[in-house]
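# Fold and geometry: a report
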Amino acid sequence: MKFLLEKTDAASLARCGTVTTDHGVIQTPIFMPVGTVGSVKGVYHRDLVEDVRAQIILGNTYHLYLRPGLDVLRKAGGLHRFEGWDGPILTDSGGFQVFSLSPIRKLTPQGCTFSSHIDGSSHTFTPENNVDTQRIIGADIVMALDECCPGDADFRYAEKSLRLTQEWLDRFSARFEATEPLYGHSQTMFPIIQGCVYPELRKRAVDHALSLDCDLHGGYAIGGLAVGEPVEKMYEMLELVCPLLPSGKPRYLMGVGTPVNILEGIARGIDMFDCVMPTRNGRNGMLFTWNGIMNMRNEKWKEDFSPIDPEGASFVDRKYSRAYLRHLFISGEMFAGMIASEHNLAFYLDLVRQARAHILEGDFIRWKDSVVPKLANRL
RNA sequence: GGGAAGAUACCAAAGUGGCCAACUGGGGCAGACUGUAAAUCUGCUGUCUGACGACUUCGGAGGUUCGAAUCCUCCUCUUCCCA
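The structure presented is a predicted model; accordingly, all values stated were derived computationally and were not measured.

### Let's talk about the overall build of chain A
Helix and strand counts for chain A stand at 15 helices and 17 strands. In summary, chain A has a C-alpha radius of gyration of 20 Å against a globular reference of 21 Å for 379 residues, a match within 12%. A principal-axis box enclosing the C-alpha atoms of chain A has dimensions of 60 × 50 × 40 Å. The proportion of buried residues among the 379 residues of chain A is 49%.

In structure tokens:
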């Protein structure tokens with residue numbers, strides 16, 4: 001994987017660049033649709049490519065490990081071939097599941113033991129077997145195994161959690177260096193900077209990550225944000241961490257976020273984002289647009305036969321009416337979630353595409369400040 | 001013409017003397033969702049009130065009772081069966 005930094009904004013830390021993988025080129029800043037179990041829920045790959053214009057999608061190690069399982073993935077020739085996606089893929093390690101499934105997991109010195117949410121069976125992730133698993137899945141970018149610390153954790157807990165994440169990173173990196181990709185294309189790994197909302201811990205996390213063999217690490221992720229802490233804290237952490245990271249590598253803010261979060265993240269130097277919001281909230285009836293958010297279940301759309309989003313980037317925006325989409329949601333039709341997911345993803349990709357254009361143009365901050373107030377409107 | 005069943009809030013549908021402003025579902029309204037255990041979840045949904053609470057309701061009119069959506073009488077309407 002290579003990263004080319006093309007331009008840094010004069011008025012902010014915003015930047016744009018190009019990530020090159022064996023499965024294609026990614027123009028940053030970028031939003032990556034989440035495809036947890038090998039599917040971006042409700043959206044065809046064809047539409048993901050041609051309409052949404054996605055450049056890279058995610059998969060999840062925890063979920064894919066449990067189902068379909070490593071035997072199937074190995075026999076399939078890796079996740080790309082299994083799901084029929086020719087572009088780049090990034091896999092999360094399962095660190096977030098270690099956090100979100102905490103009632104059914106146990107942290108040990110070796111790793112993390114958890115009960116499957118599917119059948120209750122017991123499994124253990126260690127940094128070592130997590131590398132092996134992600135080799136079998138075969139993503140272009142693999143994430144280090146970490147513990148995602150809750151946003152309201154006290155310092156003691158956060159420090160202890162960070163120590164665990166750091167120890168896991170050492171072991172993960174060592175294993176990654178000692179193993180090879182299985183399917184003929186190269187893989188890179190991103191360490192994850194944790195430290196909750198504590199500047200001291202965040203700094204410590206960066207120092208530690210940078211002390212390792214940097215050739216191994218294609219980029220750096222910032223994790224443990226948008227997990228319950230105030231949004232200002234998240235921005236503070238970005239302002240602290242991004243300047244400490246090498247400018248020649250992409251920075252990935254994990255799990256974020258709202259359209260505003262993304263623009264504010266870009267302004268603070270973030271290059272890559274992912275979030276379930278466009279798909280999950282879409283399935284739940286929420287549409288993101290340049291003029292604000294819409295709850296498509298609301299009665300006010302009942303006889304609104306105008307296009308879903310006249311300014312939208314997706315063909316569904318002009319193809320279908322608001323009244324029709326509302327009807328589909330009220331009727332519980334799966335098509336509703338499909339249309340909404342496609343619209344939202346197309347919007348998110350349009351958002352980062354325009355951000356990139358304005359960074360290149362040189363007026364990013366002015367543009368951002370003009371669109372942000374509208375994005376949170378309720379239509 | 002004869003017989004039977006029924007009428008409850010926006011719809012459907014429980015409730016058959018006090019625990020009923022009235023179960024439940026739908027619909028409606030609002031909210032939540034941030035590295036997906038989510039096509040999910042949470043409130044509210046007679047009127048007035050910020051709330052406590054007050055007031056008016058269960059086809060209509062009358063009656064029994066301390067007390068009625070629930071019991072009685074008549075009326076109106078609906079559905080079904082037989083002629």
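From this point, the discussion proceeds with the structure in view.
### A short note on the protein's contact with RNA strand B
Around RNA strand B, the surrounding shell holds 49 residues, and the nearest of these are Cys148, Gly255, Gly257, Val276 and Glu299. Looking at the surface near RNA strand B, the elements that each hand over two or more residues are strand 5 (57-60), helix 5 (95-100), helix 11 (277-283) and helix 14 (334-361). Per-class residue counts for the surface near RNA strand B are 20 nonpolar, 20 polar and nine charged.

### Here's the deal with the sheet that holds strand 10 (residues 141-143)
One open sheet accounts for four strands, arranged 5-6-10-11; its pairing is parallel. Of all the strands in the sheet, the pair left with one neighbour each is strand 5 and strand 11 (188-190). Between one strand axis and the next, the sheet turns through 25° on average, direction left out of account. Taken together, the two bridges between strand 6 (residues 89-92) and strand 10 define a ladder with parallel strand orientation.

### A few points about the packing of helix 13 (residues 322-330) against helix 14
For the pair helix 13 and helix 14, interaxial distance at closest approach is 7 Å and the crossing angle is 130°. Between helix 13 and helix 14, the interaxial angle falls into the category oblique. Crossing hand, helix 13 versus helix 14: left-handed. Contact with helix 13, carried on its side by Leu325, Leu328 and Phe329, involves Phe335, Ala336 and Ile339 of helix 14 and no other residues of that element.

### Some remarks on unusual backbone geometry
Across the junction of threonine 28 and proline 29, the peptide omega takes the value 0°, indicating a cis bond. Residue placement: proline 29 occurs in the loop between strand 3 (24-28) and strand 4 (30-32). Although it is not a glycine, arginine 53 adopts a positive phi angle of roughly 65°. Mapping arginine 53 onto the fold places it in the loop between helix 1 (45-50) and strand 5. One non-glycine residue, alanine 226, lies in the positive phi region at around 60°. The residue alanine 226 is located in the loop between strand 13 (220-222) and helix 9 (231-241) in this model.

### Overview of helix 13
All of the buried residues along helix 13 are Arg322, Leu325, Arg326, Leu328 and Phe329. Taken around the axis of helix 13, the buried residues stretch over an arc of 160°, which confines them to a single face. Elements that come into contact with the buried residues of helix 13 comprise helix 14. After helix 13 finishes, the residue glycine 332 shows a positive phi value of roughly 75°.

### A look at the nonpolar core
What tends to happen in soluble globular proteins is that the nonpolar side chains get buried as a cluster. Counting 107 residues, the largest nonpolar core has Phe31, Met32, Ala144, Phe190, Ile193, Ala221 and Phe273 as its most contacted members. In terms of residues, this core owes the most to one element, helix 14, which gives 12 residues. Counting contributing residues, this core receives three or more from each of domain 1 (2-275) and domain 2 (277-379). Not counting the four nearest positions on each side in its chain, phenylalanine 273 is found in contact with Phe31, Met32, Leu253, Val256, Ile262 and Gly265.

### A closer look at the packing of helix 10 (residues 259-267) against helix 14
One way to put it is that helix 10 packs onto helix 14 with a least axis distance of 11 Å and a crossing angle of 25°. Classed by the angle they form, the pair helix 10 and helix 14 counts as roughly parallel. Judged by the sense of rotation from one axis to the other, the crossing of helix 10 with helix 14 is right-handed. Of the residues in helix 14, those touching helix 10 at Pro259, Ile262, Leu263 and Ile266 are Leu351, Val352 and Ala355. When the residues that make up the contact of helix 10 with helix 14 are grouped by side-chain class, the tally is seven nonpolar, no polar and no charged.

### Considerations on helix 10
For an α-helix, the turn length of 3.6 residues means that residues three or four places apart are oriented alike. In terms of residue burial, helix 10 counts as a mostly covered element, since seven of its nine residues are buried. Those residues of helix 10 that sit buried are Pro259, Asn261, Ile262, Leu263, Gly265, Ile266 and Ala267. Where helix 10 ends, the next residue or the one after it, glycine 269, has phi of about 105°, a positive value.

### Some words on the sheet that holds strand 8 (residues 112-115)
Spatially, three strands are ordered 7-8-9 in an open sheet, and the strand pairing comes out antiparallel. Here the strands that pair on one side only, and so sit at the sheet edges, are strand 7 (105-107) and strand 9 (122-125). When the angles between neighbouring strand axes are averaged without regard to direction, this sheet yields 20°. Sheet topology places strand 7 next to strand 8; three bridges connect them, and they run antiparallel. Note on strand 8: the bridge partner recorded for lysine 106 is threonine 113.

The rules behind these values
Residues numbered from 1 in each chain as written. Chains lettered and ligands numbered in written order. Predicted model: local features only at pLDDT ≥ 70, side-chain atom pairs only at ≥ 80, totals over all residues. Helix = DSSP H or I, 4+ residues; strand = E, 2+ residues; numbered from the N terminus. Rg over C-alpha atoms; globule rule 2.2 N^0.38 Å. Buried ≥ 20, exposed ≤ 12 C-beta atoms within 10 Å, placed from the backbone. Near = placed C-beta within 6 Å. Nonpolar A, V, L, I, M, F, W, Y, C, P; charged D, E, K, R; others polar. Pairing = 2+ DSSP bridges. Axes fitted to C-alpha atoms, helices over the stretch in contact; angles between N-to-C directions. Parallel < 35°, antiparallel > 145°, perpendicular 65-115°, else oblique. Left-handed = near helix turned anticlockwise from the far one by under 90°. Contact = placed C-beta atoms within 7 Å. Arc of directions from axis to C-beta. Core = buried A, V, L, I, M, F, W, Y, C linked by C-beta atoms within 7 Å. Domains from an automatic or database assignment.

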